[in-house]
Structure formats: C-alpha cells, structure tokens
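Each chain, written out:
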Amino acid sequence: MVREMRAEDVLLVSKAEELCFTDPWSLDSIKEGVNSSLDTWLVLPVDEKIVGYCVFRIIAGEGELLRIALLPGFRGRGLAKKLMDQVVEYSRKKSVKTMFLEVRESNKIARNLYKSYGFSEESVRKNYYQNPCENAVIMWCSRI
Ligand SMILES: CC(C)(COP(=O)(O)OP(=O)(O)OC[C@H]1O[C@@H](n2cnc3c(N)ncnc32)[C@H](O)[C@@H]1OP(=O)(O)O)[C@@H](O)C(=O)NCCC(=O)NCCS
C-alpha cells in the first residue's frame, strides 16, 4: 500500500501539502524529491488519490523525519502509523540507528505519534517556525 513517490504523484502530493500545512513546501521542492539521493518520499494511495505522504532524509547513517501528513478526512484511522512503519523499515535496511525531527510545539497529535515510535523530546528551538511563529520541539529516537 505505502510506496515510493513517483513523478506522476508530485502534483497530488503538492496539493495535499497545501491542505495540511500553513507553511507548505513549493511544488518544485517536492519535484526534486523524486530523484533525490538523500531524501525518500513515501506516499499512501487510496483509489488513485494520494491521501498521505512522508519524507525522511538520511545523512551519514542518521535519519531526519522531515514531513508526515494525512489529508484531513483520512486522519485518526492509523494511516500515519502505516507510513511510520515504512520509515522504520527503510531506515533499518539502511542501517540507520538514530533519527531526529522538529515539530511545532502545539502539534500534540504529531508529538504523540512520534513518542509512540520511541522518540523523546530533547530540546526546544524558540520561534523556529514562521506562519505562524512558533517554537519547535526537537525529538530524538536513539534506536529506530
Ligand atoms: C500528525 C498526523 C500525521 C497523524 O496522522 P493520523 O493518520 O491521524 O494518525 P494515526 O491515526 O495513525 O494515529 C497515530 C498516533 O497519533 C496520535 N494521535 C492520532 N490522533 C490523535 C488525537 N486526536 N489526539 C491525540 N493523539 C492522536 C496517537 O499517538 C496515535 O496512536 P494511537 O492510535 O496508538 O493512540 C495527522 O494528524 C496530520 O496529517 N496532521 C497534519 C500534518 C502534521 O501536522 N504533520 C506532522 C508534522 S510534519
């Protein structure tokens, strides 16, 4: 069900990005993800529609989860866990041991999701996000 993003998915992922975030990434930056050697984009299609996606980056054996999102009508059904399970599987295959991420302080749902995958909250970056301005919580998982 979860698979790697293809060129033909980019437009749908970009539309989902705009629906899910107040500070969406541009279409061009998502397009670059298709052939990126650092970033892995995964999508969750349901009936030709991309309902969820995530992207993570691996550098020198360390992972960074950059984005994970489900379209509003598809939340609360365990679909983020399907994406996270694949993030874990890909990471393990690439011998990644540690992973980190940043998340908006107010995003309790995402913080819960990450905690359930073994991430712990390590520090706060003041006013890290724009639109709206908000602190970032830095979370680490030392055994992915
Ligand atoms: C964060 C997000 C990806 C979760 O997706 P989801 O498909 O609704 O999550 P799931 O149904 O798989 O639930 C996974 C876990 O998230 C947490 N969670 C989900 N809904 C929750 C809620 N309403 N309240 C509290 N925690 C919640 C729980 O820990 C849950 O695990 P559990 O069911 O075992 O308790 C989704 O809310 C989303 O797309 N948000 C907008 C984009 C975003 O903020 N992304 C994260 C930052 S990049």
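Note: the structure precedes this text.
Calculation rules
Residues numbered from 1 in each chain as written. Predicted model: local features only at pLDDT ≥ 70, side-chain atom pairs only at ≥ 80, totals over all residues. Heavy atoms only, no water. Near = heavy atom within 4 Å. Polar contact = N/O pair within 3.5 Å; in protein donor to acceptor, adjacent residues only side chain to side chain. Areas by Shrake-Rupley, 256 points an atom, 1.4 Å probe, with all protein chains shown as cover. Helix = DSSP H or I, 4+ residues; strand = E, 2+ residues; numbered from the N terminus. Nonpolar A, V, L, I, M, F, W, Y, C, P; charged D, E, K, R; others polar. Buried < 20%, exposed > 50% of the residue type's maximum accessible area, 1.4 Å probe, protein only. Lys, Arg positive; Asp, Glu negative; His and termini not counted. Salt bridge = Lys/Arg side-chain N within 4 Å of Asp/Glu carboxyl O. Contact = heavy atoms within 4.5 Å. Pairing = 2+ DSSP bridges.

1. Here's the deal with the site of the ligand
Moving on, step 1. Around the ligand sit 18 residues, and of these Ile68, Gly76, Gly78, Lys81 and Asn107 come closest.
Moving on, step 2. In the model, an oxygen atom of the ligand is placed 3.2 Å from a nitrogen or oxygen of the arginine 77 main chain.
Moving on, step 3. In the environment of the ligand, an oxygen atom lies 2.8 Å from a nitrogen or oxygen atom belonging to the backbone of glycine 78.
Moving on, step 4. Within the complex, the protein chains bury 72% of what would otherwise be the 930 Å² of accessible surface of the ligand.
Moving on, step 5. Only β4 (62-70), α3 (79-93) and α4 (108-116) provide two or more residues apiece to the shell around the ligand.
Moving on, step 6. Element by element, the count of residues in the shell around the ligand is highest for α4, at five residues.
Moving on, step 7. Grouping the constituent residues of the shell around the ligand by class yields ten nonpolar, four polar and four charged.

2. Points about the side chain of glutamate 64
Moving on, step 1. Among the structural elements, glutamate 64 can be located in strand β4.
Moving on, step 2. Although glutamate 64 is buried, it forms no salt bridge, and the closest oppositely charged side chain is arginine 57 at an N-O distance of 4.9 Å.
Moving on, step 3. Residues in contact with glutamate 64, not counting those within four places in the same chain, are Val55, Phe56, Arg57, Met99, Phe100 and Glu102.

3. Comments concerning the environment of valine 43
Moving on, step 1. Relative to the helices and strands, valine 43 is located in strand β2 (residues 39-46).
Moving on, step 2. Note on valine 43: relative accessible area 0%, which makes it buried.
Moving on, step 3. When the C-alpha positions of valine 43 and aspartate 23 are compared, they lie 20 Å apart, and in sequence the two are 20 residues distant.
Moving on, step 4. Setting aside anything within four residues of it in sequence, one finds valine 43 in contact with Met1, Val2, Arg3, Glu4, Met5, Asp9, Val13, Ile50, Gly52, Tyr53 and Leu83.

4. Quick word on the pairing of β2
Moving on, step 1. Most of β2 is tucked away: six of the eight residues are buried.
Moving on, step 2. The pairing of strand β1 (residues 3-4) with β2 spans two bridges and is antiparallel. In the strand pairing of β2, arginine 3 is matched with valine 43.
Moving on, step 3. Bridging between β2 and strand β3 (residues 49-59) involves eight bridges; their strand directions are antiparallel. What sits directly across from aspartate 39, in β3, is arginine 57.

5. So, the pattern of salt bridges
Moving on, step 1. Inspection of every chain in the model, using the stated rule, returns ten salt bridges.
Moving on, step 2. A salt bridge links arginine 3 to aspartate 9; its shortest N-O distance comes to 2.7 Å.
Moving on, step 3. A salt bridge links arginine 125 to glutamate 102; the nearest nitrogen and oxygen atoms lie 2.9 Å apart. Taken as a pair, arginine 125 in strand β6 (residues 120-129) and glutamate 102 in strand β5 (residues 98-104) lie far apart in primary sequence, 23 residues in all.
Moving on, step 4. Within this structure, Asp23, Arg104 and Glu134 form a network of salt bridges that share partners.

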